[in-house]
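Residue-level listing of the chains:
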Amino acid sequence: TLGYVEGFLAAFSLAALACLASSLRGGPNASRWFNTSAFLLGCALGVKYTAFFTAVGMLGVWLLPPRGSHRPRPGFSALACFLLPALPWLLRSIGAHGNPFYPLLTGVFSSSPEGYSPALAKLLWMDTGAPGSLAPGRALWNAFLTPQNQLGAVFTPLVLMGLPWAARAWKEKEGRMLLLF
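Note that the structure is a prediction, hence the values are computed from the model and not measured.

(A) Up close: the overall build of the protein. In terms of helices and strands, the protein carries 8 helices and 0 strands. N-terminal to C-terminal, the α/β element order of the protein is α-α-α-α-α-α-α-α. A buried classification covers 31% of the 181 residues belonging to the protein. With the model as given, the accessible surface of the protein reaches about 11500 Å², and the carbon-plus-sulfur share is 69%.

Laid out in structure tokens, this is it:
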């Protein structure tokens with residue numbers, strides 16, 4: 001099916017980013033928004049390991065906030081909020097593969113018992129059609145804007161449904177941050 005877990009992953013990721021945007025506005029509740037963002041990001045990571053990329057992107061937004069934004073200071077509470085939902089997944093991955101972010105970062109952590117190797121990595125890159133420095137852009141282009149996707153459609157329903165929202169969101173600073181993220 002097309003649904004699987006991506007809907008939950010997207011919902012938790014976008015909610016986490018919206019909470020991060022609220023924390024960057026500052027104010028008396030900035031740390032609460034930041035902790036909520038950390039919790040929702042942990043939930044996204046608990047849903048699917050690809051939320052790791054969302055975490056890296058959100059770290060970038062936090063490190064380089066938009067002009068005029070307030071960057072909240074992370075504390076133990078934010079770390080606890082993140083780890084509460086993510087820790088079961090991280091521990092399971094460590095126990096099963098020796099890598100908390102398996103199948104990512106296999107070069108940093110030990111190899112998996114299944115024998116993830118450079119040859120397998122090469123085959124995976126060939127399958128996605130995304131080698132080279134333009135790999136992420138090419139993969140997104142192929143997945144959403146060419147018939148080389150699960151639906152065999154040039155514009156997938158997800159892209160078509162998102163166009164009106166994208167036009168409206170582009171008019172606001174937080175909306176542009178969401179779209180570019």
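(B) The pattern of salt bridges, seen in detail. Enumeration according to the criterion identifies 1 salt bridge in this entry. In this structure, Glu6 and Lys48 form a salt bridge, with 2.5 Å as the shortest nitrogen-oxygen distance. Here the residue Glu6 occupies a position in helix α1 (residues 6-24), and Lys48 occupies one in the loop between α2 (30-47) and α3 (51-63), the gap between them amounting to 42 residues.

(C) Local environment of the nonpolar core. Grouped together as the largest cluster of nonpolar side chains are 13 residues, with contacts concentrated most on Ala16, Leu20, Phe34 and Met58. Put simply, the parts of the chain that give this core at least two residues each are α1, α2 and α3. Per element, the largest residue contribution to this core is 5 residues, and it comes from α1. Phe34 has contacts with Leu20, Ser23, Trp62, Pro72, Pro74 and Ala78, leaving out every residue within four places of it along the chain. Counting 10 residues, the second-largest nonpolar core is a separate cluster that includes Leu9, Ala51, Ala86 and Leu90.

(D) Molecular detail of the layout of surface pockets. Considered as a void within the structure, the second largest pocket measures approximately 360 Å³ in volume. Looking at the lining of the second largest pocket, the elements with two or more residues in it are α2, α3 and α4 (76-97). A per-element tally of the lining of the second largest pocket places α3 first, with 5 residues. Looking at the lining of the second largest pocket residue by residue, the class counts come to 13 nonpolar, 2 polar and no charged.

(E) Structural context of the confidence of the model for the protein. Looking at the protein, pLDDT values average 75 and 66% of them are 70 or higher. Helix α5 (residues 118-128) is the least confidently modelled element of the protein, averaging 62 in pLDDT, while α2 averages 91, the highest of any element.

(F) Representation of α2 within the structure. Along its 18 residues, α2 runs 26 Å from first to last C-alpha, staying within 8% of the 26 Å computed at 1.5 Å per residue. What α2 keeps buried is the set Ala30, Phe34, Asn35, Ser37, Ala38, Leu40, Leu41, Gly42, Cys43, Ala44 and Leu45. Buried residues along α2 sit against α1, α3 and α4.

(G) Highlighting α4. Under the 1.5 Å per step criterion, the end-to-end length of α4 is only 28 Å for 22 residues, more than 12% shorter than the ideal 32 Å. All buried positions along α4 are accounted for by Ala78, Pro85, Ala86, Trp89, Leu90, Ser93 and His97. Looking at the buried residues of α4, the elements they touch are α2. Backbone geometry just after α4 places Gly98 at a positive phi near 75°.

So, how was this worked out
Within every chain, residues take consecutive numbers counted from 1 along the sequence as written. With pLDDT at 70 or above as the cut-off, local features in this predicted model cover only qualifying residues; side-chain atom pairs require 80 or more to be listed or tallied, and sums for whole chains, interfaces and linings still use all residues. Neither water nor hydrogens contribute to the side-chain values; these are computed over all heavy atoms in the structure. For the purposes of this entry, the term helix denotes a DSSP run of H or I that reaches at least four residues, the term strand denotes a run of E that reaches at least two, and both are numbered from the N terminus. Exposure categories follow from relative accessible area, calculated using a 1.4 Å probe and restricted to protein chains: below 20% of the type maximum is buried, above 50% is exposed, and the middle band is partly exposed. Note on areas: Shrake-Rupley, 1.4 Å probe, and residue coverage restricted to the protein chains presented here. Only one rule defines a salt bridge in this text: a Lys or Arg side-chain nitrogen within 4 Å of an Asp or Glu carboxyl oxygen. Residue types Ala, Val, Leu, Ile, Met, Phe, Trp, Tyr and Cys, when buried and joined through side-chain atoms within 4.5 Å, form a set referred to as a nonpolar core. In what follows, a contact means two residues having at least one pair of non-hydrogen atoms within 4.5 Å. A 1.4 Å probe that fits but cannot get out identifies a cavity on a 1 Å grid over protein atoms alone, an open set with protein on both sides within 12 Å along at least five of seven lines counts as a pocket, and a residue lines either if it has an atom within 4 Å of a point. Grid points are joined across faces, edges and corners, and a volume is the space filled by probe spheres set on the points. Gly is put with the polar residues, along with every residue not named as nonpolar or charged; the nonpolar set is Ala, Val, Leu, Ile, Met, Phe, Trp, Tyr, Cys and Pro, and the charged set is Asp, Glu, Lys and Arg. One confidence number per residue, pLDDT, is output by the predictor and ranges from 0 to 100. Under the convention used throughout, the expected extent of a helix is 1.5 Å for every residue step, that is, one less than its residue count.

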